Amino acid sequence: MSSITNINDDQNNVQLPDDLKRFALELEFVQALASPAYLHHLATQGYLQDPAFLSFLNYLGYWKRPEYAKYISYPHCLYFLDLLTDDNCETFRKELVNLPFRDFVHQQQFYNWQYRSRTLYGKGTSKSSSSLSVVISGEKEDQEHVSGNDMDLGGGGEEEEIS
């Protein structure tokens, strides 16, 4: 019988099993699911067709609960966990054996990170130092690059307008 340990942090009181080693191992395993290369390895070794392994993945679904999810650094792992455990996504599990599909998943993951980075943090520089078309009193003024480390991640040279 395992007892429970209370851990107080700034946000709430969380109860973790005394077997912190198991907690750490499961956390590490769940986060490894964020890697398309690791998913490909699991698929090529036949784990994704093993009912016992799929049951284990279903068990790991508790990591989606907020009191556990806050420990996860790679949230894509929860999305991939859903895809691996969903009965309607058997095709996903089968396709992971194929190297081109693994590369496709990795590419889509990269595009998601790129989009999220641009949405949350902009293009890597402040708006005052990037190349923008600024509308001031109805007139457009093009600003020049102030910094040489402008990380343009695509976009085809489109100009943004700020009013």
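A. Examining the overall build of the protein more closely. A tally of regular secondary structure across the protein gives seven helices and five strands. Seen in sequence order, the protein has helices and strands lined up from the N terminus as β-β-α-α-α-α-α-α-α-β-β-β. In the protein, of all internal contacts separated by at least 6 residues, the share reaching a separation of at least 24 is 58%. When the accessible surface of the protein is split by element, carbon and sulfur atoms take 51% of a total near 11,100 Å².

B. Quick peek at the nonpolar core. If you look at the biggest cluster of nonpolar residues, it comprises 28 residues, and the most contacted ones within it are Leu33, Leu57, Trp63 and Phe92. Among the secondary structure elements, those contributing two or more residues to this core are α1 (20-32), α2 (36-44), α3 (51-59) and α5 (76-85). In contact with tryptophan 63, not counting residues within four places along its chain, are Phe23, Glu26, Leu27, Val30, Tyr68, Ala69, Tyr71, Ile72 and Leu78.

C. Quick look at the packing of aromatic side chains. Inspection of every chain in the model, using the stated rule, returns 18 aromatic pairs. Here the aromatic rings of phenylalanine 23 and tyrosine 68 are separated by 6.3 Å at their centres, their planes lie at 40°, and the arrangement is tilted. Remark: tyrosine 68 occurs in helix α4 (residues 66-69) and phenylalanine 23 occurs in helix α1; sequence separation between them is 45 residues. For the pair shown, phenylalanine 23 and tyrosine 68 are each scored as buried. Seen in terms of ring centroids, phenylalanine 110 and tyrosine 111 are 5.9 Å apart; in terms of plane orientation they differ by 55°. Their pairing is tilted.

D. Seen up close, the packing of α1 against α3. Put simply, α1 and α3 touch, their axes get as near as 12 Å, and they point 105° apart. With respect to α3, the element α1 is oriented roughly perpendicular. Of the residues in α3, those in contact with Arg22, Glu26 and Phe29 of α1 are Phe53, Phe56, Leu57 and Tyr59. Split by residue class, the contact of α1 with α3 holds five nonpolar, no polar and two charged.

E. Looking closely at the packing of α3 against α5. Two elements in contact, α3 and α5, have axes separated by 10 Å at closest approach and are oriented at 135°. As the angle between them shows, α3 and α5 are arranged oblique. Along this stretch, α3 crosses α5, giving a crossing that reads as left-handed. Here Leu54, Leu57 and Asn58 of α3 come into contact with α5, specifically with Leu81, Leu84 and Thr85. In terms of residue class, the contact of α3 with α5 is built from four nonpolar, two polar and no charged.

Parameters and conventions
Residues numbered from 1 in each chain as written. Predicted model: local features only at pLDDT ≥ 70, side-chain atom pairs only at ≥ 80, totals over all residues. Heavy atoms only, no water. Helix = DSSP H or I, 4+ residues; strand = E, 2+ residues; numbered from the N terminus. Contact = heavy atoms within 4.5 Å. Areas by Shrake-Rupley, 256 points an atom, 1.4 Å probe, with all protein chains shown as cover. Core = buried A, V, L, I, M, F, W, Y, C linked by side-chain atoms within 4.5 Å. Buried < 20%, exposed > 50% of the residue type's maximum accessible area, 1.4 Å probe, protein only. Phe/Tyr/Trp six-rings, centres within 6.5 Å; stacked < 30°, edge-to-face > 60°. Axes fitted to C-alpha atoms, helices over the stretch in contact; angles between N-to-C directions. Parallel < 35°, antiparallel > 145°, perpendicular 65-115°, else oblique. Nonpolar A, V, L, I, M, F, W, Y, C, P; charged D, E, K, R; others polar. Left-handed = near helix turned anticlockwise from the far one by under 90°.

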